[in-house]
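# Architecture and fold: a report
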Amino acid sequence: MNNYSINSLEQYFKIYRKSIRKPKKFWGEIAENNFTWYQKWDKVVEFDMQKAEFEWYKNAKLNITKNCIDRHLANKGDKTAIIFEPNNPEEPSKYITYNELYKEVSALSNVLRDQGVKKGDRVCIYLPMIPELAYGMLACARIGAIHSVVFAGFSSNALSTRINDSECKLVITSDGGYRGAKTINLKGIVDEALTKSPSVERVLVVKRTDAEIDMQSGRDLWLQPLIDESETTSKAEIIDAEDPLFILYTSGSTGKPKGMVHTTAGYMVFTAYTFKNVFNYNTDDVFWCTADIGWVTGHSYTIYGPLLNGATTLMFEGTPSYPTYSRFWEVIQKHKVNQFYTAPTAIRSLAKERIEFVQNFKLDTLKVIGSVGEPINEEAWHWYNDHVGNKKCPLVDTWWQTETGGIVISAIPFVTPTKPTYASLPFPGIKPVLMDELRNEIEVNQKIGNLCIEYPWPGIARTIWRDHQRYIDTYFTKFPGKYFSGDGALRDEVGYYRITGRVDDVIIVSGHNLGTAPIEDAINEHQAVAESAVVGFPHDIKGNALYGFVVLKEVGLWRDRNNLIKEINQLISDQIGPIAKLAKIQFVTGLPKTRSGKIMRRILRKIAEGEKSEFGDITTLVNPEIVEEISRESL
Ligand code: 7RM
């Protein structure tokens, strides 16, 4: 266990320095000592940042499911690998041991083989958050098929586009899914998608809701009878380190979604090592990441990271508000969760509700709480820290992306100190740099720049599926020789990074660089405000001026708009300076958000610029109807 867990601040700095000076030695040792390989590598890494070519653990042979499952069977066979907590609290939870996981994954992998799925084939998984989703991913990995999980909230069009881009030949879906008070007709959506997706030969259907569905003969099969007839052992294919493990689509700012490709060995080493250290996972802990597995956070930190560490990971089918706003806290209490990982948008929505919803539950099993997905504003940070972490759990604000595969900037609990709204320090092996618009490195502190990473790490995506040029253009061209994240950040005097939002969110007002996050923090300080988003719009004299979209907690209580506007601007003025005052404030009932909870600023920017109708693709929003409302009432 060579340096696999980081236990002190001194050790962190030592490991960090080593990881930067001798990355090959560093990543070689971690891979050497903590995983099962059929054959070791010839070279730890070979890369070319200009061509965006990366080969980690070159020529090594392995199977990631051997590492996620088989190697735990001897000592941990009866340990719970996955706790399944259903949408409906009345329905019993399921506890799936490593032994059972082995059998389920083996059986499903045999079914896939019988259906003609071969190494390198793409399998689309369109399932709710039920155990079969985990089995499906791992069954693909067992036989070297490439999984492409599509979030079950996506429409038939979005599903079809994704299936077609990677030419999936098989789809695993279910008759339906439960989410809060809703039942979703997944099979119907698949049927519609497949009218436009000719590559799919076979659909395997999991029974979940018992809904009446159409089964197309010759194409659709119920999964359970096939599983029942299958062997419950399965040979793990020998996979090359750089064979693709999965494709996961991430929406670009324009154009069609990008199929980010992750390969096997590097992704395995990186997710395992970051999981262990960022969450301080110890044997017998129960870990819960609330993200849907349709997003990278669910891939890396509900499935792969935890299982690689032999952990118990919780899969939750439901939503934070069903049947009550206490659902998260109830689940933490019920399963004695030790590490809890969620998104700021969930925190803000729960912080809006009465405090009793959280206070009535015993959360004292928690040791570490985490945040991911967007900058966490100061008010949400404190609410999470005080009421969920009870001021005793380190709050790790983890910055990363689909493209990075795993966490790249984060505090390490009990090792490096946290600081509200700061993702803080780079993880070992990660060398962040801030670049200005003239492509010079920003060496001073407190200045916002483009957040880039200088050296590859094992978890970095390898390409965009069948579009390597787009991969190069998007991430490796603007700042040659570096990976460009598309995010802005600043560094404080001790080297902590604060992510300020997408760089297109940096607004230059009268020559001052302003990040939207700190302004939103200031606005959110106001007791009437639930949430806000700030964008820029062109201004004759200042270059840009600021437009704030503000959601109030209880609309009726705040009738004096003019006074409210004054108070909000006073807060901004106090916290950042008069330069950051808003030229316009529009009160809205909600903000346009993607299904993963990110505010779609592109739309707000258009509205602020006076656009009334052309908003581009808004199908990935959870609340497309809000766009009409905001634009109708725009100032
Ligand atoms: C993990 C994930 C990536 C984008 C990224 C950022 C934003 C994610 C944080 C964050 C501030 C954070 N992957 N983002 N984490 N911003 N602080 N801790 O979300 O591909 O879906 O999104 O999310 O803008 O570029 S993602």
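Shown above is the structure to which this text applies.
The notes below deal with the structure included here. This is a predicted model, so every value here is computed, not measured. (Residues numbered from 1 in each chain as written. Predicted model: local features only at pLDDT ≥ 70, side-chain atom pairs only at ≥ 80, totals over all residues. Heavy atoms only, no water.)

## Here's the deal with the overall build of the chain
The secondary structure content of the chain amounts to 19 helices and 30 strands. Its C-alpha atoms give the chain a radius of gyration of 24 Å, near enough to 26 Å, the size a compact globule of 635 residues would have. Its C-alpha atoms give the chain principal-axis dimensions of roughly 70 × 60 × 50 Å. When burial is assessed residue by residue, the chain has 60% of its 635 residues classed as buried. (Helix = DSSP H or I, 4+ residues; strand = E, 2+ residues; numbered from the N terminus. Rg over C-alpha atoms; globule rule 2.2 N^0.38 Å. Buried < 20%, exposed > 50% of the residue type's maximum accessible area, 1.4 Å probe, protein only.)

## Topic: the packing of aromatic side chains
For the structure shown, the criterion picks out 48 aromatic pairs. Ring plane angle 75° and centroid distance 5.0 Å describe the contact between phenylalanine 47 and tyrosine 455, whose orientation is recorded as edge-to-face. A residue pair is termed long-range when its members are at least 10 positions apart, and phenylalanine 47 in strand β1 (residues 43–48) and tyrosine 455 in the loop between β22 (449–453) and β23 (463–464) qualify at 408 residues. The exposure class of phenylalanine 47 is partly exposed, given its relative accessible area of 34%. For tyrosine 455, a relative accessible area of 22% translates into the label partly exposed. (Phe/Tyr/Trp six-rings, centres within 6.5 Å; stacked < 30°, edge-to-face > 60°.)

## Concerning the sheet that holds strand β21 (residues 432–435)
The strand order β21-β22-β24-β25 describes an open sheet built from four strands, whose pairing is antiparallel. Looking at the sheet topology across the chains shown, the edges are occupied by β21 and β25 (497–502). Direction aside, neighbouring strands of the sheet carry axes that sit 50° apart on average. For β22 and strand β24 (residues 483–491), the ladder comprises four bridges, and the chain directions are antiparallel. Paired with isoleucine 453 across the bridge in β24 is tyrosine 483. (Pairing = 2+ DSSP bridges. Axes fitted to C-alpha atoms, helices over the stretch in contact; angles between N-to-C directions.)

## Some words on the pattern of salt bridges
Inspection of the entire model under this criterion finds 38 salt bridges. Of the charged contacts, one joins aspartate 285 and lysine 367 as a salt bridge, the two residues approaching to 2.9 Å between their closest N and O atoms. Of this pair, aspartate 285 sits in the loop between α9 (265–278) and β16 (286–289) while lysine 367 sits in the loop between α13 (356–359) and β19 (368–371); the two residues are 82 residues apart in sequence, bridging distant segments of the chain. Since its relative accessible area comes to 5%, aspartate 285 is described here as buried. A salt bridge links aspartate 521 to arginine 498; the nearest nitrogen and oxygen atoms lie 2.9 Å apart. Of the two residues, aspartate 521 is situated in helix α16 (residues 516–524) and arginine 498 in strand β25; the sequence distance between them amounts to 23 residues. Exposure remark for aspartate 521: the relative accessible area of 3% places this residue in the buried category. According to the relative accessible area criterion, arginine 498 is buried, its value standing at 10%. Linked through salt bridges whose partners overlap, the residues forming this network are Lys43, Glu46, Glu55 and Lys58. (Salt bridge = Lys/Arg side-chain N within 4 Å of Asp/Glu carboxyl O.)

## Regarding the sheet that holds strand β30 (residues 584–588)
Ordered by their spatial adjacency, three strands build an open sheet running β28-β29-β30, and the pairing between neighbours is mixed. The open sheet has two edge strands with one neighbour each: β28 (529–539) and β30. Within the sheet, the average angular offset between the axes of one strand and its neighbour, ignoring direction, is 25°. The sheet contact formed by strand β29 (residues 543–552) and β30 spans five bridges and is parallel. Bridge pairing in β30 places glycine 548 opposite isoleucine 585. Across the sheet, helix α17 (residues 561–575) lies against β28, β29 and β30, angled at about 120° from β30, the strand it touches most. (Contact = heavy atoms within 4.5 Å.)

## Considerations on the site of the ligand
Taken together, 16 residues form the shell around the ligand, and within it Asp397, Thr398, Gln401, Thr402 and Asp487 come nearest. With respect to the ligand, the backbone of threonine 398 contributes an N or O atom lying 2.8 Å from a nitrogen atom. For the shell around the ligand, the secondary-structure elements that each account for two or more residues are α10 (296–308) and β25. Split into classes, the residues belonging to the shell around the ligand amount to six nonpolar, five polar and five charged. (Near = heavy atom within 4 Å. Polar contact = N/O pair within 3.5 Å; in protein donor to acceptor, adjacent residues only side chain to side chain. Nonpolar A, V, L, I, M, F, W, Y, C, P; charged D, E, K, R; others polar.)

## As for helix α6 (residues 156–166)
Among the eleven residues of α6, eight are classified as buried, and the element is accordingly described as predominantly covered. Burial in α6 covers these residues: Ser156, Ala158, Leu159, Ser160, Arg162, Ile163, Asp165 and Ser166. Its buried side turned inward, α6 meets β6 (122–125), β7 (146–149), β8 (170–174), α7 (186–194) and β14 (244–250). Just downstream of α6 lies glutamate 167, where phi reads positive at about 45°.

## Overview of the side chain of serine 156
Tracing the chain through its elements places serine 156 in helix α6. One polar contact links serine 156 to glutamate 192, side chain to side chain, over a distance of 3.3 Å. When residues no more than four places from it in sequence are discounted, the contact partners of serine 156 are Ile189, Glu192 and Ala193.

## Notes on the pairing of strand β15 (residues 258–263)
Counting buried residues in β15 gives six out of six residues, a clear majority hidden from the surface. Summarising the sheet, β14 and β15 pair through six bridges and their orientation is antiparallel. Bridge pairing in β15 places phenylalanine 246 opposite histidine 262.

## Digging into unusual backbone geometry
The peptide bond linking tyrosine 322 to proline 323 adopts the cis configuration, its omega dihedral lying at -5°. Examined against the element boundaries, proline 323 turns out to sit in the loop between β17 (312–316) and α11 (327–335). Here the phi dihedral of arginine 439 falls at roughly 70°; this positive angle occurs in a residue that is not glycine. Along the polypeptide, arginine 439 turns up in the loop between β21 and β22. The class for arginine 439 is partly exposed, based on a relative accessible area of 49%. Here arginine 466, not a glycine, exhibits a phi torsion of approximately 50°, which is positive. Tracing the sequence through the fold places arginine 466 in the loop between β23 and α15 (468–475).

## Thoughts on the nonpolar core
Judged by nonpolar contacts, the single largest core of 124 residues is most densely connected at Trp27, Trp37, Tyr57, Leu101, Tyr304 and Tyr471. Apart from residues lying up to four places away in sequence, tyrosine 471 is in contact with Ala52, Phe54, Met260, Ile460, Ala461, Arg462, Thr463, Ile464 and Phe476. Judged by nonpolar contacts, the second largest core, of 26 residues, contains Trp329, Val337, Ile347 and Trp383. (Core = buried A, V, L, I, M, F, W, Y, C linked by side-chain atoms within 4.5 Å.)

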